[in-house]
Amino acid sequence: MATEIGRDDGQAAGAFDPLKYWLILPAWLVIGFFLLAPICLVLVFSFLTKEFRGGVIWEFSLAAYDQFLFDRGLFGDEPPRIQWTYIEVFGRSIFQAGMATLLCLVIGFPTAFYIATRPRRVRAVWLFLVTVPYWVNLLIRTVSMKFLLRDSGPLNEFLLFVGVVDEPLGIVNTGLAVQLGLFYSYLPFMVLPIFATVERYDFALSEAAADLYADRWTVLRKILLPIVAPGIVAGSILVFVPSLGAFLAPDMLGGAKNFMIGSLIDEQFNGNAGNWPFGSAASMILLSLVLVALFFYARQTGRQGRA
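Just so it is clear, the model here is predicted, and its values are computed rather than measured.

## Comments concerning the overall build of the protein chain
Within the protein chain, the secondary structure is distributed over 13 helices and 4 strands. Principal-axis analysis of the C-alpha atoms gives the protein chain an extent of 80 × 70 × 35 Å. Residue burial in the protein chain is summarised as follows: out of 307 residues, 30% are buried. Long-range pairs, those at least 24 residues apart, make up 62% of the contacts in the protein chain between residues at least 6 apart in sequence. Approximately 19500 Å² of the protein chain is accessible, and the part contributed by carbon and sulfur atoms is 69%. Computed over 22 positive and 23 negative side-chain charges, the separation of the two mean positions in the protein chain equals 5 Å.

So this is what it looks like as structure tokens:
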């Protein structure tokens, strides 16, 4: 009987084999038009020549990549030197994105674990509270964060009222403000993947380890964390990648001293004096770094899966 049911299910699934490419065609069209085509266009623009008033001239040039890597002086006639300005912007972006990811992990893991261990009828309420900020536009949330952190904002007013500080804390236009903005923007991206993996965790394993006299830290380090590691990695990627290219939080909360790569790219495409080829080159360099990191992660994950 079971064999006949299995055969029937296989035949039903196989009935769609002639149509499988047509069924996936809409998805490929959407991906190609809205993802691959813009990326290819940016790639082409990165090899074109800047037009004086903005835009591009359709002449092949490596000037955008040369400008990113080398400093040839004001008039371009000096011996090339390493252009540390843009490298520092990239380094600052990687550092800020890494710190935001770490902060989201420190707060997000206990939050996800707590939600996943609540009764099933209560979990939906907690997930709703985690995701409800995403019902509001990111720009509005960033402006609200700036209002909260400014010298005359509610945070400083409260600290002055309770006597914790004698004068307002200058948080806005600092790296700390950028960290808080990125953390607030992308925390749900860390909580939800970890929650999904913890929810499937078999707590009988923890009970068995406790019966063998393992303490809580040993259970956490040797049993729980290895099993929920895929969720942690997925959440870290989902936080790190958008944080790396973010420009709202650095622009509105960080100021000129905390310029990040997203702000640099945005600046090149806004206004008549923008440098579209340079902005495209910076975008492609950022995309290449992300793809290389994801490639090595996928390769390492594949090796572990085969092992």
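## Some points on the environment of glycine 231
Examined against the element boundaries, glycine 231 turns out to sit in helix H10 (residues 216–244). We classify glycine 231 as buried; its relative accessible area is 3%. For the pair glycine 231 and arginine 120, spaced 111 residues apart in sequence, the C-alpha separation works out to 20 Å. With sequence-adjacent residues up to four places away left out, glycine 231 is seen in contact with Pro193, Ile194 and Thr197.

## Topic: the nonpolar core
Formed by 31 residues in total, the largest nonpolar core has its most connected members in Cys104, Phe109, Leu149, Leu182, Val191, Ile194 and Val228. Every element with two or more residues in this core is listed here: helix H4 (84–116), helix H6 (138–149), helix H8 (175–199), H10 and helix H11 (248–254). In this structure, cysteine 104 is in contact with Phe109, Phe183, Tyr186, Leu187, Met190 and Val239, ignoring residues within four places of it in sequence. The next biggest cluster of nonpolar side chains, apart from the first, holds 18 residues, and it includes Ile261, Ala281, Leu286 and Val290.

## Points about the packing of H6 against helix H7 (residues 154–162)
Put simply, H6 and H7 touch, their axes get as near as 4 Å, and they point 25° apart. With respect to H7, the element H6 is oriented roughly parallel. Between H6 and H7, the contacting residues are Phe147, Leu148 and Leu149 on the first element and Pro154, Leu155 and Asn156 on the second. When the residues that make up the contact of H6 with H7 are grouped by side-chain class, the tally is 5 nonpolar, 1 polar and no charged.

## A look at the environment of alanine 229
By secondary structure assignment, the location of alanine 229 is in helix H10. Note on alanine 229: relative accessible area 27%, which makes it partly exposed.

## Quick look at the confidence of the model for the protein chain
Summing up the model confidence of the protein chain, the mean pLDDT is 86 and the portion of residues at 70 or higher is 91%. Within the protein chain, helix H1 (residues 2–14) has the poorest average pLDDT of any element, 52, and H4 the best, 93.

## Considering the side chain of arginine 141
In this structure, arginine 141 sits in helix H6. Look at arginine 141: it is buried, it has no salt bridge, and the nearest opposite charge is aspartate 251 at 16 Å. Not counting the four nearest positions on each side in its chain, arginine 141 is found in contact with Pro133, Tyr134, Val136, Tyr184 and Ser185.

## A short note on the packing of aromatic side chains
Within the structure shown, the criterion is met by 16 aromatic pairs. With a centroid separation of 5.8 Å and 90° between ring planes, the pair formed by phenylalanine 45 and tryptophan 58 is classed as edge-to-face. Pair noted here: phenylalanine 45 is in helix H2 (residues 20–45) and tryptophan 58 is in the loop between strand S2 (56–57) and helix H3 (63–69), with a separation of 13 residues, a long-range link. For phenylalanine 45, a relative accessible area of 13% corresponds to the buried category. The exposure class of tryptophan 58 is exposed, given its relative accessible area of 62%. Ring geometry for tyrosine 186 against phenylalanine 189: centres 5.8 Å apart, planes inclined by 40°, an arrangement best described as tilted.

## Focus: the pattern of salt bridges
All told, the structure shown has 5 salt bridges when counted by the stated rule. In this structure, aspartate 66 engages arginine 72 in a salt bridge whose closest nitrogen and oxygen atoms are separated by 2.8 Å. On the basis of relative accessibility, which here comes to 30%, the residue arginine 72 falls in the partly exposed class. One network of salt bridges, with partners in common, ties together Asp71, Glu78 and Arg81.

## Observations regarding unusual backbone geometry
A positive phi is found at asparagine 173, a non-glycine position, where the angle reads about 65°. Here asparagine 173 is to be found in the loop between H7 and H8. Asparagine 173 sits in the partly exposed class, given a relative accessible area of 46%. In this model, tyrosine 213 sits at a positive phi of 70°, which is unusual for a non-glycine residue. Here tyrosine 213 shows up in the loop between helix H9 (204–211) and H10.

The rules behind the values
- Going along each chain's sequence as written, the residues are numbered from 1 onward.
- The predicted nature of this model means local features are confined to residues of pLDDT at least 70 and side-chain atom pairs, given and counted, to a pLDDT of 80 or more, with totals for whole chains, interfaces and linings taken over all residues.
- Neither water nor hydrogens contribute to the side-chain values; these are computed over all heavy atoms in the structure.
- Secondary structure follows DSSP: runs of H or I at least 4 residues long count as helices, runs of E at least 2 residues long count as strands, and numbering of each begins at the N terminus.
- Each residue is assigned to one of three classes by its accessible area relative to the maximum for its type, calculated with a 1.4 Å probe on protein chains only: buried under 20%, partly exposed between the two thresholds, exposed over 50%.
- The contact criterion used throughout is that any non-hydrogen atoms of two residues lie within 4.5 Å.
- For accessible areas, the Shrake-Rupley method is used with a probe of radius 1.4 Å. Any residue's cover is judged against the shown protein chains and nothing else.
- Charge assignment in this entry is limited to Lys and Arg as positive and Asp and Glu as negative, and neither His nor the chain termini are counted.
- Where a charge lies is defined by one atom per residue type: Lys uses NZ, Arg uses CZ, Asp uses CG and Glu uses CD.
- Residues grouped as a nonpolar core are buried Ala, Val, Leu, Ile, Met, Phe, Trp, Tyr and Cys residues, joined through side-chain atoms within 4.5 Å.
- A fitted line through C-alpha atoms represents every axis, and for helices the fit uses only the stretch in contact; the resulting angles, taken between N-to-C directions, go from 0 to 180 degrees.
- Roughly parallel here means an angle under 35 degrees, roughly antiparallel means over 145, roughly perpendicular means 65 to 115, and every remaining angle is called oblique.
- In this classification, the charged set is Asp, Glu, Lys and Arg, the nonpolar set is Ala, Val, Leu, Ile, Met, Phe, Trp, Tyr, Cys and Pro, and all remaining amino acids, among them Gly, are polar.
- As a per-residue quantity, pLDDT reports the predictor's confidence and falls between 0 and 100.
- Here, a salt bridge means any side-chain nitrogen of Lys or Arg that lies within 4 Å of a carboxyl oxygen of Asp or Glu.
- Only Phe, Tyr and Trp rings are paired, with Trp represented by its six-membered ring, and only when their centres lie within 6.5 Å; those with planes under 30 degrees apart are stacked, over 60 edge-to-face, the remainder tilted.

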